[in-house]
Amino acid sequence: MPVLKKTSARRRQRRGNFFAVFLLLAVAAGLGWLWWHDKSAKKTVAHKPAAAPASVQPVAKTEPSKKLKPIVIAPVSPADFPRPVRDVLEAQVALARRAISPGAIDAALGSQTRAALAAFQRSRHLSESATLDTNTRPLLTLDAPLLTNYVVTTNDLARLQPVGKTWAAKSEQTALDYETILELVAEKAHAYQLLVKKLNPEVNWTNVPAGTVLKIPAVDYPEPAEKAAFVVIHLSERFLEAFGEETNLLAHFPCSIAAKVEKRPVGELQVVVVAPNPNYTVNPELFPESDELQALGHKLILPPGPNNPVGVAWIGLNLPGYGMHGTPGPEQVGRTESHGCFRLANWDAEYLVKLVWVGMPVEVVP
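Residues numbered from 1 in each chain as written. Predicted model: local features only at pLDDT ≥ 70, side-chain atom pairs only at ≥ 80, totals over all residues. Heavy atoms only, no water.

Caption draft 1: Spatial organisation of the sheet that holds strand 15 (residues 342-343). The 8 strands are arranged 7-6-5-16-9-12-13-15 in an open sheet whose pairing can be described as mixed. The open sheet has two edge strands, strand 7 (249-254) and strand 15, and neither has a second partner. Taken together, the 4 bridges between strand 9 (residues 267-276) and strand 16 (residues 361-365) define a ladder with antiparallel strand orientation. The residue bridging Gln 270 from the neighbouring strand is Pro 361, located in strand 16. Each of strand 6 (239-243) and strand 7 touches helix 3 (residues 111-123); the most contacted strand, strand 7, lies at about 165° to it. Sitting on the sheet, helix 9 (residues 346-355) touches strand 5 (230-234), strand 6, strand 7, strand 9, strand 12 (313-317) and strand 13 (323-325), and the angle it makes with strand 7 is about 150°. (Pairing = 2+ DSSP bridges. Helix = DSSP H or I, 4+ residues; strand = E, 2+ residues; numbered from the N terminus. Contact = heavy atoms within 4.5 Å. Axes fitted to C-alpha atoms, helices over the stretch in contact; angles between N-to-C directions.)

Caption draft 2: Quick look at unusual backbone geometry. The omega torsion across Phe 81 and Pro 82 is 0°, close enough to zero to call that bond cis. Tracing the sequence through the fold places Pro 82 in the loop between helix 1 (2-47) and strand 1 (83-84). Although it is not a glycine, Ala 99 sits at a positive phi angle of roughly 60°. Position of Ala 99 among the secondary structure elements: in the loop between helix 2 (88-96) and helix 3.

Caption draft 3: Local environment of the pattern of salt bridges. A full pass over the atoms with the stated rule returns 6 salt bridges. For the salt bridge of Glu 90 with Arg 83, the shortest nitrogen-to-oxygen distance reads 2.8 Å. Each member of the pair, Glu 90 as well as Arg 83, is classed as buried. The salt bridge involving Glu 223 is made with Lys 354; its shortest N-O contact spans 3.4 Å. One end of the pair, Glu 223, is in the loop between strand 4 (213-217) and strand 5; the other, Lys 354, is in helix 9, with 131 residues separating them in the sequence. Lys 354 sits in the partly exposed class, given a relative accessible area of 39%. Each member of the salt-bridge network shares a partner with another, and the members are Arg 122, Glu 128 and Glu 241. (Salt bridge = Lys/Arg side-chain N within 4 Å of Asp/Glu carboxyl O. Buried < 20%, exposed > 50% of the residue type's maximum accessible area, 1.4 Å probe, protein only.)

Caption draft 4: Up close: the nonpolar core. Residues Leu 140, Val 231, Ile 233, Leu 240, Met 324 and Leu 352 are the most contacted members of the largest nonpolar core, which totals 70 residues. Discounting chain neighbours no more than four positions away, the residues touching Ile 233 are Phe 239, Leu 240, Cys 255, Met 324, Phe 342, Val 362, Glu 363, Val 364 and Val 365. (Core = buried A, V, L, I, M, F, W, Y, C linked by side-chain atoms within 4.5 Å.)

Caption draft 5: Fine view of the environment of Gly 321. Take Gly 321: it is sitting in the loop between strand 12 and strand 13. Between the alpha carbons of Gly 321 and His 339 there is a distance of 9.2 Å; along the sequence they are 18 residues apart.

Distances and angles like these do not, on their own, reveal function.
Here it is as structure tokens:
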């Protein structure tokens, strides 16, 4: 029994020593973990950016602006013409050279280009597919290069002036002319401003000095061989066509019509006045939505110019307040947005002036 007691005592001592060592190791490990965590926390705080003051919040990231994809036209020789058109851009230019307008030229097969193709097909007694089909391509030809060079002149730059934001400000200007070279050149090219940018990707449009050479579609309407016998306006399809004595198509133009159905006249009208480059009388009675005009309470006369509300031409009809005219927004032509008149791109209105005459019938069909 004395031997057993001695052995038990030794075992208890060993267990106590083991427990003491384990406790020391646990404390050391805990202290080590606390030291490491404290050091890591300090390092994290040291690299964490300070919060922005409430008045200077971080700006949200925005996607970088996409660069314009330029349109590159391969060099050609005059010997390459005439030839059938190869794509939509060539088709639009070829149509426009025949006074069959596809709207502002944009290299896209939109509704106005389809309507122009259909008009060309009707004039050639083809099936009206409104596409560049195999029967149309051989007849729709280019007789000269697609593009031409336009050189910006000092006279072009001298014309530029900002357009007033109010009716009163516009009435005080010497002219309602172009605001930018891009606007001026795009109208000369019968084209969307974006297309002109794509044809000239290297140009800084905020500073275009005299002498700058720009590539633009080569579009010139043909000189009319005769006056129009009559004009037909199609409301549902939003285009206008002028015909000769033999009902031959002289011109096809997209047009805008009245926003309100009750403002769209149907039937036969007549031309009563033809006024190129007109001024414009603003009558408050015709613009009840304008708080400015209602407050003024009297008429204003706006000077001529392409940014005049009726653009560069007014062809008045025998229905008071109605006419065919140009517009400062050619890219918007074809919409239902007017007060009742038939809006055309300035280049189309200018050409129509050459075709019409006082007393000429104008038929408006649904």
